[in-house]
Amino acid sequence: MGKPKAVVNREVCLACGGCVSVCPEDAIMLVAGKAVVDKKGCISCGICVKTCPVAAISFEEVTK
Ligand code: SF4
Ligand code: SF4
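Residues numbered from 1 in each chain as written. Chains lettered and ligands numbered in written order. Predicted model: local features only at pLDDT ≥ 70, side-chain atom pairs only at ≥ 80, totals over all residues. Heavy atoms only, no water.

**Things to note about the nonpolar core**
Going by this rule: Take the buried Ala, Val, Leu, Ile, Met, Phe, Trp, Tyr and Cys residues and link them wherever side-chain atoms come within 4.5 Å; each set so joined is a nonpolar core. Burial classes follow relative accessibility: with a 1.4 Å probe on protein chains only, a residue under 20% of its type's maximum area counts as buried, one over 50% as exposed, and anything between as partly exposed. Strands here are runs of E lasting at least two residues and helices are runs of H or I lasting at least four, both read from the DSSP assignment and numbered beginning at the N terminus. By the convention used here, residues are in contact when the closest approach between their heavy atoms is within 4.5 Å.
Counting residues in hydrophobic clusters, the biggest one holds 14 residues, and the most contacted among them are Ile28 and Ile57. When contributions to this core are tallied by element, the ones reaching two or more residues are β1 (4-8) and β3 (34-37). Other than its neighbours up to four places away in sequence, isoleucine 57 contacts Ala6, Val7, Val8, Cys19, Cys48, Val49 and Cys52.

**Things to note about the site of ligand 2**
For clarity, the cut-off: Throughout, near means a residue has at least one heavy atom within 4 Å of the molecule or strand. Throughout this entry, Asp, Glu, Lys and Arg are counted as charged residues, while Ala, Val, Leu, Ile, Met, Phe, Trp, Tyr, Cys and Pro are counted as nonpolar. The remaining residues, Gly among them, count as polar.
Residues in close proximity to ligand 2 include Cys13, Leu14, Ala15, Cys16, Gly17, Cys19, Ala35, Cys52, Pro53, Val54, Ala56 and Ile57, which together make up its full environment. By residue class, the composition of the shell around ligand 2 is eleven nonpolar, one polar and no charged.

**Digging into the environment of aspartate 38**
By the secondary structure assignment, aspartate 38 is in the loop between β3 and α2 (47-51). When the C-alpha atoms of aspartate 38 and valine 7 are compared, they prove to be 9.1 Å apart, with 31 residues separating the residues in sequence. For aspartate 38, the contacting residues outside a window of four places in its chain are Ala27 and Met29.

Dropping the structure here:
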C-alpha cells in the first residue's frame, strides 16, 4: 500500500500559490494556472492541506 500523497482538486484550486510557497520539499508548482503536486517529492507533511484557503488539497493513497 502506498503512502498518502497530497492531491489537488483542479476544480477548486484558485492558483493563489499559497501551497507552492509553503511546501518544504518544493513539491508543488503551478502548471497552466493550477497547483500540481509532484508525488515523488511529496513527504506527506500536510502543510499545504492546512494552508489552502479553499481546501483544494487532500491526501489520497498513491500506489506508485
Ligand atoms: S504534503 Fe507537504 S510535501 Fe507534500 S505537497 Fe503538501 S506541503 Fe509539499
Ligand atoms: S493553496 Fe489551494 S487554491 Fe492556492 S494554489 Fe494551492 S491548491 Fe490552489
